[in-house]
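# Overview (structure and organization)
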Amino acid sequence: MPDRLSRGWRSSTMAVTTADMTTVKARSASPGFALAAAVLGFFVVTLDAVVVNVALPSIRSGLGGGITGLQWVVDGYTLMFAALLLSAGSLADRIGARSAFGLGIGLFGAASIACGAAPTIGLLVAARFVQGTAAAIIMPASLTLISQAYEDRVQRGRAVAIWALGGSVASTAGPLLGGVLTLVDWRLIFFINVPVGALALVLLRCTARSPQRSVPFDWIGQITAVVAMTALVFGAIEAGSGGLTDPRVLLAFLVAVLSVLAFVVAQGRVQHPMMPLDLFGSRTFRIALGTGFAFMVGYYGLPFVASLYLQGQRGLTSLETGIVFLPMMLIGLALTPFSARIVERFGARIPICAGLLAMTIGLTTFAVLPEAASLWGLSLVMVLVGLGGPLAMPPMTAVLLNHVPAQSTGVATGVFNTSRQLGGAMAVAVFGALLADSSTFINGVRDSLLLAAAVLLITAIAGLRLPQQ
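Computed from a predicted model, the values in this text were never measured in an experiment. (Residues numbered from 1 in each chain as written. Predicted model: local features only at pLDDT ≥ 70, side-chain atom pairs only at ≥ 80, totals over all residues. Heavy atoms only, no water.)

## Quick word on the nonpolar core
- Core analysis: the biggest nonpolar cluster contains 138 residues, and I59, F101 and L124 have the highest contact counts within it.
- For this core, the leading source of residues is helix α13 (residues 283-312), giving 17 residues.
- Setting aside residues up to four positions removed in sequence, L124 forms contacts with I59, L63, V73, C115, A118, W186 and F190. (Core = buried A, V, L, I, M, F, W, Y, C linked by side-chain atoms within 4.5 Å. Buried < 20%, exposed > 50% of the residue type's maximum accessible area, 1.4 Å probe, protein only. Helix = DSSP H or I, 4+ residues; strand = E, 2+ residues; numbered from the N terminus. Contact = heavy atoms within 4.5 Å.)

## Observations regarding the packing of helix α3 (residues 31-50) against helix α7 (residues 121-149)
- Taken N-terminus to C-terminus, the directions of α3 and α7 make an angle of 150°; their axes are 9 Å apart at the nearest point. Accordingly, the angle class assigned to the pair α3 and α7 is roughly antiparallel. The interaxial crossing formed by α3 with α7 has left-handed handedness. On α7, the residues that touch P31, A34, L35, A38, G41, F42, V45 and D48 of α3 are R128, Q131, A135, I138, M139, S142, L145, I146 and A149.
- Residues of the contact of α3 with α7, tallied by class, amount to 12 nonpolar, three polar and two charged. (Axes fitted to C-alpha atoms, helices over the stretch in contact; angles between N-to-C directions. Parallel < 35°, antiparallel > 145°, perpendicular 65-115°, else oblique. Left-handed = near helix turned anticlockwise from the far one by under 90°. Nonpolar A, V, L, I, M, F, W, Y, C, P; charged D, E, K, R; others polar.)

## Things to note about the side chain of E238
- Along the chain, the position of E238 falls in helix α11 (residues 219-242).
- Here R248 takes part through its side chain, which lies 3.3 Å from a polar atom of the side chain of E238. (Polar contact = N/O pair within 3.5 Å; in protein donor to acceptor, adjacent residues only side chain to side chain.)

## A few points about a nonpolar patch on the surface
- Judged by side-chain polarity, W219, I223, V227, L251, L254, V255, V257, L258 and L261 come together as a nonpolar surface patch covering roughly 870 Å² of accessible area.
- Going through the elements one at a time, α11 and α12 (247-269) are the ones with two or more residues in the nonpolar patch.
- Take the nonpolar patch: its biggest share by element is six residues, from α12.
- Looking at the secondary structure, you find L261 in helix α12. (Patch = residues over 30% accessible without salt bridge, like charges linked within 9 Å, V, L, I, M, F, W, Y side chains within 5 Å. Areas by Shrake-Rupley, 256 points an atom, 1.4 Å probe, with all protein chains shown as cover. Salt bridge = Lys/Arg side-chain N within 4 Å of Asp/Glu carboxyl O.)

## So, α3
- The terminal C-alpha atoms of α3, which comprises 20 residues, lie 29 Å apart, in line with the 28 Å expected from a rise of 1.5 Å per residue.
- The element α3 is largely enclosed, with a buried count of 15 among its 20 residues. (Expected span 1.5 Å × (residues − 1).)

## A closer look at the confidence of the model for the chain
- Taken over all residues, the pLDDT of the chain has a mean of 83, while the share at 70 or more is 88%.
- Confidence over residues 1-29 falls short of pLDDT 50; this stretch has 73 contacts with residues more than four positions distant or in other chains. (pLDDT = per-residue confidence, 0-100.)

## Topic: the packing of aromatic side chains
- Tallied over the full model, the rule gives eight aromatic pairs.
- Summarising the aromatic geometry, the rings of Y77 and F108 are spaced 6.5 Å apart at their centres and angled 80° between planes, so their arrangement reads as edge-to-face. Taken together, the residues Y77 in helix α5 (residues 66-95) and F108 in helix α6 (residues 97-117) connect sequence positions 31 residues apart.
- By relative accessible area, which is 1% here, Y77 ends up buried.
- The exposure class assigned to F108 is buried, which follows from its relative accessible area of 2%.
- For the ring pair W186 and F190, a centre distance of 6.3 Å and an interplane angle of 90° mean the geometry is edge-to-face. Across the pair, exposure class does not vary: W186 and F190 are buried alike.
- Linked through ring pairs, W72, F129 and F234 together constitute an aromatic cluster.
- Between the NZ or CZ atom of R345 and the centre of the ring of F346, over which it lies, the distance is 4.9 Å. (Phe/Tyr/Trp six-rings, centres within 6.5 Å; stacked < 30°, edge-to-face > 60°. Lys NZ or Arg CZ within 6 Å of the ring centre and 35° of its normal.)

Here it is, written out as structure tokens:
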């Protein structure tokens, strides 16, 4: 999910001139308006990444589309978020954070209305693609607003912590809120974004205008990245219904491979690459990317699989499903404020590996429990997966920032969070393919969770090579 982007984008967006910052400060009547708008922006972006899972069975009942359609409902959002996140920050610099944030919120609200009113699964997926695009614009712009509104480093740090809390609240409330709204009508999970977005725009009008500056844009890198990610996810999703030998699947994977090669070549040749290749010379950077990817495979893949299982096989309502997820989400909300103290006490490597191992154990246990296992037993097992958030992600972000050059922190963290979103998208694509056959659905649930556990275990072992900070 998008809730740990703060430090990297904060570093990248502080590159405005001193004169610009002075102008912004002079015209800013109350930085609290900028912070409130940014919090609401992060809230809706995070909410739409998690709220949809418990509504998937209802969406399938209302619009059809099968497992493949549901995969695209989830991945349409995540895919565009991941593909555009690397370069979205430059838009905020070009037109100003205030204008970029307003554009992103307006587009997000319009896409949310389109999602809620969609008469077919295809139009819903298309609207979700637009939502993901808007989310990618909102994220860096929201942090730039905070950076410009708070010149003092201590105040800025506290503001970023409040901003991050907005994401944590959305992650925690998402499953339960989605369950309640879906009992009335699943379309409400999208319509609820409209008043929140409107309030964010009202607050935005009370903030100062943001400075603009010319920044380079890597068009070749952006285009090849979008094509590569889209083709990869498309191939994985379609493999569930057509098989790996389906011509469309083979063509999609071929396009993905060729696009990745073109992306790598371009990054080595363009003057201002969106992903400098020399970053990969650091073992810590490579482990960080793997950790972010693996974390989202488990943390994002489990709700997708479990929602379909609990409602389709156990007969739960959307609200009851949200309640089952609640302890998993609450543990992250409760422990996140203490993650820094845990690192101070034990260093970074121990909590990172412990968090990944806890997720591994939780996913494995869920997979092997008998079908008659109690719902509260399943809920408690998922708490182990929830532990991975506060134990692994904040320390991993800190380790990454401490081991890349200061001038590369924005780019490095952008790549890191792109790997996270891609992990979530691929989890839904692959797990959905394993669940596509209703006659082997239970086996698909087990195989999906065991696959996620294996990815996390490998990453936990690799994490033992991280520096102990």
